[in-house]
Structure formats: structure tokens, C-alpha cells
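Chains, contacts and geometry: an overview
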Amino acid sequence: MLDFTFTEEQKMLRDVARKFTDNEVRPFAAEIDEKEELPFDIITKAAELGFLGVVFPEQYGGGGFGEIGYCILLEEIARGCNSTAVTIGGHESLGAMAIYLCGNEEQKQKYLRPLAEGKLLAAFALTEPNAGSDAASMKTFAVDNGKNFLLNGNKTFITNGNIADVIVVFAITDASKGVKGITSFIVENKWNGFRAGKPEKKMGIRGSHTTDLFFENLEVPKENILGEVGNGFKVAMETLDVARVSLAAQCLGSSKEMLELSIKHANERKQFGKPIAEQQAIQFMLAEMASEIYQTESIIYRTAWMIDNNIPCSRESAICKLVATETVCKIADRAMQIHGGMGYMREYPIERLYRDARVNRIFEGTNEIQHIVIARDVLKSTK
Ligand SMILES: Cc1cc2nc3c(=O)[nH]c(=O)nc-3n(C[C@H](O)[C@H](O)[C@H](O)COP(=O)(O)OP(=O)(O)OC[C@H]3O[C@@H](n4cnc5c(N)ncnc54)[C@H](O)[C@@H]3O)c2cc1C
């Protein structure tokens, strides 16, 4: 039986998230962008509402809403502020998610529980200055010294890098084994040898902090190996497979916000003696935006359902990422066109939403990499 309706609990979550966004997030979005700083009380309030662990089971301090609930949450928050959504995403979709998917019971109780309860914040450190799309070419390395692993190297462009308490770090443990020589570790920011750089100056999502990380003879206890030695690349890919769906949901939220703003503007703005909404050119743009949103929404919630039902969906999650991120950029462009000169001015939200949209085609694997993931799977299944 097909049932596309949200449950009462999911609807309740959406209402709470919408109220939070309307009252606590959207009114501050322009200021967050201008000051390049997300007030920590927004994160504290999100934590109090249980939003930092919505996706995880209750036994680990989470909300038990699974991927569908999490997509509902991020969609709502991204309607109000992409910087806030990305900060939550770096924590919940990436850092904490890696521990949930690949951690042992002890690690889940020690780290995932306080992360899900919003007592600690997480980050996920894969990218390096010379290892972006080709993440496996990383240089950060960890040497087994008997009791611990000694970690040295640096990471770049890490979301929440300077505010996270717990960071999932990927490092080479055996250079002779290629991707099978990478291991992931749970690292605490208070340990000796850890240092975060200054937040980067960015085009969009300026309230979300993106920093370098440096590790100098940092001793990681062996119990903090995430997964098994040599399995780190798998940990990264499994996490990204899930994270790409919620990133797509963020893009969906932002797309819906821009469509709403465009409809309002098209009805209010008069030229040639009538609202521009009466011009067919504007109507066609609105129709295209609505169609793309419907397509995006359909694949996101279908794929979130697959995750919640343990159905493998690497190809589908890459498709969600590809479609939703291309869509949000197209919608941002049309929204600005509908707003005319006003849309280009800082005073109006479209200018910020347009800048915020662009990064989505770059992070969590560029869209060219998503094409590769999809093509590989397509070719595999037709052999
Ligand atoms: C704001 C922001 C936040 C980020 N947060 C995080 C984070 O929290 N954790 C983390 O680990 N990383 C993070 N990143 C890093 C991000 O994941 C990388 O920027 C991304 O994977 C691309 O790597 P790169 O920037 O080195 O680009 P490159 O890999 O140098 O790519 C440059 C161009 O070449 C193309 N290209 C590369 N290889 C191929 C190929 N084989 N075929 C076709 N085209 C190719 C790419 O698609 C791209 O167009 C963040 C980045 C940004 C901008």
C-alpha cells in the first residue's frame, strides 16, 4: 500500500520546527549573514527542542524520527536560514551520523548520546588542501604507537571546525594500502595537539563556520577508532550517502522559501498597470519553480523512506543531492529575475538566498562527483 502522508508525529515535528524558524531563526538571518556569526543561543534553543538529535533513535538520546523526520526538520530550518541549517547539518548529518552508523555501543553511549542531546557539537573532517574530490589522496596520517595512534596533519574547509567538541577525523594508517589504508577516529577538541584555524570568509552561508584543523602529535586512544582500522573510507562514504539526502532537504526548504517570496512579489509589484504575476513570462517561471520543487520533494522523501527501511540507496541519495542542488540554484536565479533590481539588493532576502544556494553544488561531493557515483551504479546494474 502506498501512503505519502506524514504521520501525526511528523506533522507535529514540522509545526514545532516551523514555529522555531519563524520566531527564532528567520528574523535574524540577515544579521547572521552580515555579522558572519551564528548566535550560539540559536543552537542552544535548537538543542532544547531536541533538534540536534532528531534523526537518531531514542536509546541514544535522539528523537527517534529517522531520516524522514530529519529531512522535515532541515527543510523547515533552511526556509529561514541556510547558515543555521548547515551548522546543524555538519553536526547531525555528518559528525554524529558517522558515529551512529559506524560506532560501537560504547562510543555511541559516550559520544553519540551527548551529541544527540545537544550537549556537544560535532564536525566531520575529511577534506584536505590537496585532497578534495579525491579524498583518498589525503596526507594526514596516524601511527600506531602501541597504546594510541599519533595523529599528524591538517584538514581544510571543515564545517563547525572551531566550535565542535567532537570531530570525526580521517587519516592514513597504512600508505601501502590505498583506500584500505584509511582509518577514521573520534577526536575531542580539548586534547593536546588539536588546533582550529579562523573561520573562512565566504560567499554564502556566512554564519556557518568553516575552518582549517591542525593535528600535531595528537594522541588518539585506540578505543576511539571509529569502525575498524583500514575501514575509514567506507565510514566516510556510508555517512555521505545518508548526509546527501538531508542536504537535498535543506535545498528544498530554501527553494520553497524563494518560490513563496517570488509569488508574493509577483502579486504585489505592478508594471504596465498590472501585477507582474499577470505576465505570462513570470507565470512560466513560477510554474517551472513549482514543478522542480515537486520533483525534488518527491525523490527526497522517497529516498529518506528507503534509508529508514534499510534499503541501500547510494545511487538515489546522489541523485537527490544532484537534483536538489541544481534546482535550488536555478530557482535562486529565477527568483532574482522575478524580483528585478530589488532582488539584487542586500535589503531583500533573495540576494542572500542566491549566494547561499551556490555552495550546495560543491560540498558533500561536487555535482561532478555525484554524476560519477550515479554513472558507476547505472553501469554496474546494466552489466
Ligand atoms: C562551505 C564549505 C563547507 C565544507 N564543509 C566540509 C566539512 O564539514 N567536512 C569536509 O570534509 N569537507 C568540507 N568541505 C569540503 C568540500 O567537501 C570540498 O570542497 C568538495 O569535496 C570539493 O573538493 P575541492 O574543493 O578540493 O574541489 P576539487 O576536488 O579540487 O574540484 C575542483 C573541480 O574539479 C572537478 N573534479 C574533480 N575531480 C573530478 C573528476 N574525477 N571528474 C570530474 N570533475 C572532477 C570538481 O567537480 C570541481 O568542479 C566544505 C566545503 C565548503 C566550500
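Residues numbered from 1 in each chain as written. Predicted model: local features only at pLDDT ≥ 70, side-chain atom pairs only at ≥ 80, totals over all residues.

**Details of the packing of helix α4 (residues 66-80) against helix α7 (residues 232-268)**
Rules: In this description, a line fitted to the C-alpha atoms serves as the axis of each element, helices being fitted only across the stretch in contact, and the angle between N-to-C directions of two axes falls anywhere from 0 to 180 degrees. Working definition: helices are DSSP H or I runs of at least four residues, strands are E runs of at least two. Numbering for both runs from the N terminus. Crossing handedness follows the turn of the near helix against the far one: under a right angle anticlockwise gives a left-handed crossing, and clockwise gives a right-handed one. Once C-beta atoms are placed from the backbone, any two residues with those atoms within 7 Å are in contact. Residue type decides the class: Asp, Glu, Lys and Arg count as charged, Ala, Val, Leu, Ile, Met, Phe, Trp, Tyr, Cys and Pro as nonpolar, and the leftover types, Gly among them, as polar.
Viewed as axis vectors pointing N to C, α4 and α7 meet at an angle of 35°, and their least axial separation amounts to 7 Å. Taken as a pair, α4 and α7 cross one another with a handedness that is right-handed. The segment α4 lies against α7, with E67, Y70, C71, L74, E75, E76, I77, A78 and R79 engaging V242, V245, S246, A249, Q250, L252, G253, S254, K256 and E257. The residue inventory of the contact of α4 with α7, partitioned by class, reads nine nonpolar, four polar and six charged.

**Some details on the domain arrangement of the chain**
Quick reminder of the rule: What fixes the domain bounds is an automatic or database domain assignment.
Parsing the chain into structural domains produces domain 1 (8-120), domain 2 (123-233) and domain 3 (234-382). For domain 1 and domain 3, the distance between their C-alpha centres works out to 20 Å. Contact residues are listed per partner, giving 23 residues for domain 1 and 23 residues for domain 3. Elements that contribute at least two residues to the side of domain 1 that touches domain 3 include exactly α2 (29-35), α4 and α5 (82-102).

**What to know about unusual backbone geometry**
Going by this rule: Exposed residues have 12 or fewer other C-beta atoms within 10 Å of their own C-beta, buried residues have 20 or more, and partly exposed residues fall in between, where C-beta atoms are placed from the backbone.
Despite not being glycine, N217 shows a phi value in the positive range, around 50°. Positionally, N217 belongs in strand β7 (residues 210-221). A positive phi is found at E364, a non-glycine position, where the angle reads about 55°. Topologically, E364 is positioned in the loop between α10 (349-358) and α11 (367-382). With 24 C-beta atoms packed within 10 Å, E364 lands in the buried category.

**Some remarks on the packing of α7 against α10**
Any two packed helices are characterised by how steeply their axes cross, that is the angle between the axes, and by the distance between the axes. How we decide: Roughly parallel here means an angle under 35 degrees, roughly antiparallel means over 145, roughly perpendicular means 65 to 115, and every remaining angle is called oblique.
At a minimum axis distance of 11 Å, the contact between α7 and α10 shows a crossing angle of 155°. Here α7 is positioned roughly antiparallel relative to α10, judged by the angle of their axes. The two elements α7 and α10 meet at a crossing, and its hand is left-handed. Packed against α7, whose contacting residues are S254, E257, M258 and L261, the element α10 presents P349, I350, L353, D356 and A357 at the interface. A breakdown of the residues in the contact of α7 with α10 according to their chemical character gives six nonpolar, one polar and two charged.

**Some words on helix α9 (residues 314-344)**
As a reminder of what qualifies: To estimate the expected span of a helix, count its residues, drop one, and scale the result by 1.5 Å. One axis fitted to the seven residues ending at a residue, another fitted to the seven starting there: the angle between these axes is the bend at that residue.
Between its terminal C-alpha atoms α9 stretches only 37 Å, short of the 45 Å expected from 31 residues at 1.5 Å a residue. In α9, a bend of some 90° at I338 exceeds every other bend along the element.

**Some remarks on the pairing of strand β1 (residues 122-125)**
Test applied: Pairing between two strands is assigned when DSSP locates at least 2 bridges connecting them.
The alternating pattern of β1 places A122 and F124 and A123 and A125 on opposite faces, both of which are buried. As paired strands, β1 and strand β4 (residues 166-172) are joined by four bridges and run parallel to one another. Residue pairing in the sheet places A125 in a bridge with V169 of β4.

**Topic: the site of the ligand**
Let me state the cut-off plainly: Put plainly, near means the residue's C-beta atom, positioned from the backbone, lies within 6 Å of the molecule or strand in question.
Of all residues adjacent to the ligand, which total 22 residues, the nearest are L126, G132, S133, T366 and E368. Within the residue set of the shell around the ligand, elements represented by two or more residues are α5, β1, β3 (148-159) and α11. When the residues that make up the shell around the ligand are grouped by side-chain class, the tally is eleven nonpolar, eight polar and three charged. Each of domain 2 (123-233) and domain 3 (234-382) contributes no fewer than three residues to the shell around the ligand.

**What to know about the nonpolar core**
Heads up, the rule is: In this usage, the nonpolar core is the set of buried Ala, Val, Leu, Ile, Met, Phe, Trp, Tyr and Cys residues whose C-beta atoms join them within 7 Å.
Among the nonpolar cores identified, the biggest contains 113 residues, and C71, A125, F185 and I300 are the most heavily contacted of them. Once you skip the residues sitting within four places of it in the chain, C71 turns out to touch V245, S246, A249, I300, Y301 and A304.

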